[in-house]
Amino acid sequence: MTSAATTATTSHSLAEAVVDLDAIRHNVAIIAAGTQAAVMAVVKADGFGHGLVPVARAALDAGATWLGVTSAAEALALRAAGLDAPTLTWLHRPDEDFTPLIEANVDVSAASVAHLQGIASSAARLRNSAVAAVHLKVDTGMSRNGAAPDEWPAVVAAAYDFERAGLLRVRGIWTHLATADTPERPEAVAQLAAYEDALKVAEAAGLTPEVRHVANSAAALAIPEAHQDLVRVGIACYGVEPVAGHTYGLRPAMTLRAHAILVKRVPAGTGVSYGLEYATERETTLVLVPLGYADGVPRHASATASVWIRGRRHRIAGRVSMDQFVVDVGDTPVEIGDEVVLFGPGDRGEPTVHDWAAWADTNPHEILTRVGPRVPRRYISTAGAEATSRAAATPGGRAMPGTPAARKQTPSGRERSHG
């Protein structure tokens, strides 16, 4: 069996985030096997910090047929990398120039008449050479993005008029659940009912959307009635179990690690780091780790977080600094160059991203997406070597070469059978 193969990071790297693309494939395959709906892999925020293009490719390999991003820059980076799967982007100003997205065959979300006007205006500038594909978003109770119920009739009416004018087509209607990670709560049921009401209003206005979608990661796993035509899978792609108290067999894809760059023996009563809030209780060994809050290590977790060194967890000593932190390892015989794992899958007992989320009083999403650009990504995969360059995985960087085999798809993004 072929072992994981990658291009190594440069020898002078102080730290790295190792991304297991096989884990991404495994997680997407679990989602795809559990639903009749098409699967959208949400790769916004640079693939939740894992790398936009490598993650998108791995997810498509595993059965996802849609990609989801936040911004035009992310969507166009996917296209520049040769990824032609149906792609939805959903955060825009109404007066944005949508022509690059329309020309690139990227679907755009709209939640107001003003957004529809902006999209239609951009389509009109293309002189009928392309029609914008739009997903109307309705607010069913999250009170975030989406048209409010009293605004929804005006939004669908405007969409119908622009559709009749040949400027856009309503490809989808969607919403977002606020409490899917706690499926025992009743709010999701109420939101689904509100969504069905919104669909009826749209259909009465003459709209016939091809794709209806509601479910995020938690709902894709725990609320089958929310699946509709498409499920949007974000955090579950990266191996974070999205429903508290439930395990679905997902595997964490990122390991954040560094190496000890300084080791010193100090006496009892030695103060450590800014403010000297931490003092050693006895003679001990301190280890310097070259990662800090500029790399995404949460300063808020200074007093509680631990890392994995020499086969056990050791607590961070004192405040996390911008570029470094100190670990008190007691009498453990640590040497310069020893591996320091901040988080990983947890197989060896090392901390996980869930642990860090608890220590920092946040969610795993924030921990993953905060891992900064100074930390190189190294991709491991039994499917073949992957590029290591961080620039290849970010919207502003040069796209990775190569294009996967083109998929022939139905409007919902499913692969079409040619039996």
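Fair warning: this is a prediction, and the values are worked out from it, not measured in the lab. (Residues numbered from 1 in each chain as written. Predicted model: local features only at pLDDT ≥ 70, side-chain atom pairs only at ≥ 80, totals over all residues. Heavy atoms only, no water.)

What follows concerns the overall build of the chain. On a plain count of helices and strands, the chain comes out with eleven helices and 19 strands. In the chain, of all internal contacts separated by at least 6 residues, the share reaching a separation of at least 24 is 67%. In the structure as shown, the chain presents an accessible area of about 17700 Å², 52% of it carried by carbon and sulfur atoms. (Helix = DSSP H or I, 4+ residues; strand = E, 2+ residues; numbered from the N terminus. Contact = heavy atoms within 4.5 Å. Areas by Shrake-Rupley, 256 points an atom, 1.4 Å probe, with all protein chains shown as cover.)

So, about helix 6 (residues 113-125). Helix length check: helix 6, at 13 residues, gives a terminal C-alpha distance of 18 Å against a target of 18 Å (1.5 Å per residue), a fit within 8%. Residues H115, L116, G118, I119, A120, S122 and A123 constitute the buried set of helix 6. Where helix 6 is buried, its residues contact helix 5 (99-103), strand 5 (107-110), strand 6 (132-137), helix 7 (152-164) and strand 7 (168-174). Just beyond helix 6, the residue with positive phi is R127, at close to 55°. (Expected span 1.5 Å × (residues − 1). Buried < 20%, exposed > 50% of the residue type's maximum accessible area, 1.4 Å probe, protein only.)

With that out of the way, let us pick up the confidence of the model for the chain. In the predicted model, the chain carries a mean pLDDT of 90, and the fraction of residues at 70 or more is 89%. Considering only residues more than four positions removed or in separate chains, one finds that residues 1-11, a stretch of pLDDT under 50, has 23 contacts. In this model, residues 385-419 is a region of pLDDT below 50 whose contacts with residues beyond four sequence positions or in other chains number 85 contacts. (pLDDT = per-residue confidence, 0-100.)

Before going further, it helps to spend a moment on the pairing of strand 5. Residues of strand 5 alternate between two faces, with D107 and S109 on one and V108 and A110 on the opposite face, all of them buried. Pairing geometry for strand 4 (residues 87-89) and strand 5, over two bridges, is parallel. By the bridge assignment for strand 5, T89 is matched with V108. Strand direction decides the pairing type here: strand 5 and strand 6, joined by three bridges, are parallel. Paired with V108 across the strands is V134, a residue of strand 6. At this point the chain moves from strand 5, through helix 6, to the parallel strand 6, and the crossover so formed is right-handed. (Pairing = 2+ DSSP bridges. Right-handed = clockwise from strand over helix to strand, strands pointing away.)

With that settled, consider the pattern of salt bridges. As enumerated under the stated definition, the model contains 24 salt bridges in all. A salt bridge links R212 to D229; the nearest nitrogen and oxygen atoms lie 3.7 Å apart. Of this pair, R212 sits in strand 8 (residues 211-213) while D229 sits in the loop between helix 9 (217-222) and strand 9 (230-233), placing them 17 residues apart in sequence. (Salt bridge = Lys/Arg side-chain N within 4 Å of Asp/Glu carboxyl O.)

Structurally, S381 is set in the segment after strand 19 (377-380). Relative accessible area serves as the criterion here: at 1%, S381 is assigned to the buried category. For S381, the side chain forms a polar contact with the side chain of R25, separated by 3.0 Å. (Polar contact = N/O pair within 3.5 Å; in protein donor to acceptor, adjacent residues only side chain to side chain.)

So, on to the packing of aromatic side chains. Taken as a whole and judged by the stated rule, the model has three aromatic pairs. Between F48 and Y238, the aromatic rings sit 4.7 Å apart at their centres with planes inclined by 20°, giving stacked as the arrangement. Within this pair, whereas F48 is found in helix 2 (residues 44-48), its partner Y238 is found in the loop between strand 9 and strand 10 (254-259), the two being separated by 190 residues in sequence. The pair F48 / Y238 is uniform in exposure class, with both members buried. Ring geometry for W90 against W174: centres 5.5 Å apart, planes inclined by 55°, an arrangement best described as tilted. (Phe/Tyr/Trp six-rings, centres within 6.5 Å; stacked < 30°, edge-to-face > 60°.)

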